[in-house]
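Results of the structural survey
Now for the letters of each chain:
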Amino acid sequence: MATDLLEETDIETQTINTIRFLSADAVQRAESGHPGTPMGLAPVAYVLWTRHLRHNPRDPDWPGRDRFVLSAGHASMLLYSLLHLTGYDLPMEELKGFRQWGSRTPGHPEAHLTPGVETTTGPLGQGFANGIGMAIAEQLLADEFNEEGFPLFDHHTYAICSDGDLMEGISQEAASLAGHLGLGKLVYFFDDNDITIDGSTDLAFTEDVAARFEAYGWHVAHVEDANDLEAVDRAIEEAKAETERPSLIRVQSHIGYGSPNKQDTAAAHGAPLGEEELRGAKENLGWPPGETFYVPDAVYDHMRAAKTEGQEAQREWEALREAYEEAHPGQAARLKRWMNRELPEGWEEALPAFEPTADTGEELATRKASGLTLEALAPEVGYLIGGSADLTGSNKTDVEGRGDFQKDSRSGRYFRFGVREHAMAGLSNGMALHGGIQPYAGTFLIFSDYLRPSLRLSALMEQPVVYVFTHDSIGLGEDGPTHQPVEHLMALRAIPGATLIRPADANEAARAWAAAVTRTGGPTALALTRQTLPIVDRTELTTAEGLHRGAYILREAAGQPGVILMGTGSEVQHALQAARALEKDGIQAQVVSMPSWELFEEQSETYRRKVLPPSVEARVSIEAGVTQGWERYVGPEGTAIGVDRFGASAPGETVMEKYGLTAERVAEEARSLVRG
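Going by an unreviewed UniProt entry, the chain carries the name Transketolase and comes from Salinibacter ruber. According to the UniProt record, the Sequence similarities (unreviewed entry) comment for the chain is "Belongs to the transketolase family."

All right, on to the packing of helix α22 (residues 572-584) against helix α27 (residues 663-675) then. Where α22 meets α27, the axes come as close as 8 Å, and the angle between the chain directions of the two elements is 50°. By the angle between their directions, the pair α22 and α27 is classed as oblique. Relative to α27, α22 is oriented so that their crossing is right-handed. Across from H574, Q577, A578, A581 and L582 in α22, the residues of α27 making contact are A663, V666, A667, A670 and R671. Within the contact of α22 with α27, the residues separate by chemical class into seven nonpolar, two polar and one charged.

Among the secondary structure elements, P636 is positioned in the loop between α25 (631-634) and β18 (639-641). A relative accessible area of 82% means that P636 is categorised as exposed. Taking C-alpha positions, P636 is 8.2 Å from E617, a pair spaced 19 residues apart along the chain.

This part is about the packing of aromatic side chains. Per the counting criterion, the structure on display carries 24 aromatic pairs. Between W597 and W630, the aromatic rings sit 5.0 Å apart at their centres with planes inclined by 85°, giving edge-to-face as the arrangement. A residue pair is termed long-range when its members are at least 10 positions apart, and W597 in helix α23 (residues 597-601) and W630 in the loop between β17 (619-622) and α25 qualify at 33 residues. When sorted by exposure, W597 lands in the same class as W630, which is buried. When the ring centre of W597 is taken as origin, the NZ or CZ atom of R493, which lies over that ring, is 4.2 Å away. Taking the ring centre of Y659 as reference, the NZ or CZ of R645 above it sits at 4.1 Å.

What counts and what doesn't
Residues numbered from 1 in each chain as written. Predicted model: local features only at pLDDT ≥ 70, side-chain atom pairs only at ≥ 80, totals over all residues. Heavy atoms only, no water. UniProt positions renumbered as here; feature names shortened; annotations may be inferred. Axes fitted to C-alpha atoms, helices over the stretch in contact; angles between N-to-C directions. Helix = DSSP H or I, 4+ residues; strand = E, 2+ residues; numbered from the N terminus. Parallel < 35°, antiparallel > 145°, perpendicular 65-115°, else oblique. Left-handed = near helix turned anticlockwise from the far one by under 90°. Contact = heavy atoms within 4.5 Å. Nonpolar A, V, L, I, M, F, W, Y, C, P; charged D, E, K, R; others polar. Buried < 20%, exposed > 50% of the residue type's maximum accessible area, 1.4 Å probe, protein only. Phe/Tyr/Trp six-rings, centres within 6.5 Å; stacked < 30°, edge-to-face > 60°. Lys NZ or Arg CZ within 6 Å of the ring centre and 35° of its normal.

Rendered as structure tokens:
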């Protein structure tokens, strides 16, 4: 019966309706999800995936592929249907398990969980920024490695975005930068269906989107009907021919297309259609109404041509790569290292070693030590590339000899992200996901609030983005409480999979960078001082190598310790001074530098008990941030010194003293604990 109903329908219509109803059936079965956008945009996705997108379902990680980002991640079943039909490792049972425990079809797409998903989307605007980062990576790698006759990097980045994506601030930041950079291999589809969760977009979104993107410097095209396949195809061809500007194709679609009562309404957006309404939609579009998860054999044959075509495209690319290896063996070896993020032999020898203040009389801010380390490390680790959100001089993130990456200078290796912290982090995720680059991104620690959603996704996607956060405490001084981070260290520690490192001196800062470039399974955040700090004399104390274990005994007690003093960053110096004062009182103090809780928690229980012996209950911690969380390490009998209120505008040393972040306060608290 199903075959009879479809026998006069052309293969393209059959395929588009298959995408629509696989999506709607999965949402209905899960009793949750978003059927409307897949039903409305199926024709656009079909044209892109069958006529333009270069990919290989047999090898989702092929470097030469085009990238496809579903920024409107709530429409995940659109992507899952395409992946299934074109032959990725996503069998029908996975579609039937949509949104269920253990399935590879979660409610919103997750990178590396589902084959063929390029990035984790759902928080609107994130995928929009990720795609721009991917396009930047393609351009940078093309400049770095392509040689005449060997266009190894020559691919497009496509994305589907919604009204909601374009309302989010991150997309506006990212779109502005993309226009400035002239990213011509970027093609985005704006699903203009006039509907959001609350109802018509007219409730809150009446701007001229096309004019806005033209003002950003984008090429803008308009398709009046998403079902007009040839118009969609022409718009894509026109966008691909535009090499100097990114392209936005505004496509007018009908959310919940075919649904007899819910088409063009908010009811089709974020909830199942309902059995009767879904049946009515199938009848309207000539689809077997009693069938669920139905795929005609002809549709499988039609769509799985992508496997053969993709395999052939990759075979041609691999042949090009092999010829490249013969013609340019040095470049090819370097390319392999970049793509694998493979550190060169002896790279650690480039790390600077800083002389102790006791010998030189000079102190050094950890942001300055970080910048000097990056200067030394960058030539060794070429794929470590990044920039700052208009704070280059403060973050110390530039590298001598690296020009700016600009529209007219793709050879630049430094990014001027502008005052766009959120976009900076979203673009960095895209660069990391593309492969071949380990990006770093600099701003003040206080502005980690502005980029936190993207940093969270760095962790969720296990991407090795390095966040360089300077001005890390009330010690920055006169700028006052608006710029003085208080809760931010703990907020970053609360993100699963993120590693926060707050070095205590210049040599710990150098080791922090070493830790960052070797940790490839998630983001690393460096919290660095504006104010200068003494450089610890390591001839008397423990080597800074201990940073890699998260916490280490910096100063051993002369005998059995009576108290443990622990701290991070700029406050470790006070713990050391307090230990010396306590020793004069006959109190033996063990000083622990604790730059990274996350690294410490990875150590064996034996090591952790050695650093923080349970027998010593008298413990004092000091950190220029909220004390919440320190009870884990100071225990019920210990004391946490910190900042549980906002800062103040005054010279940094004055603020620190007024807030009790001093060696005298540490010693006083220790005496109180030891003597009861």
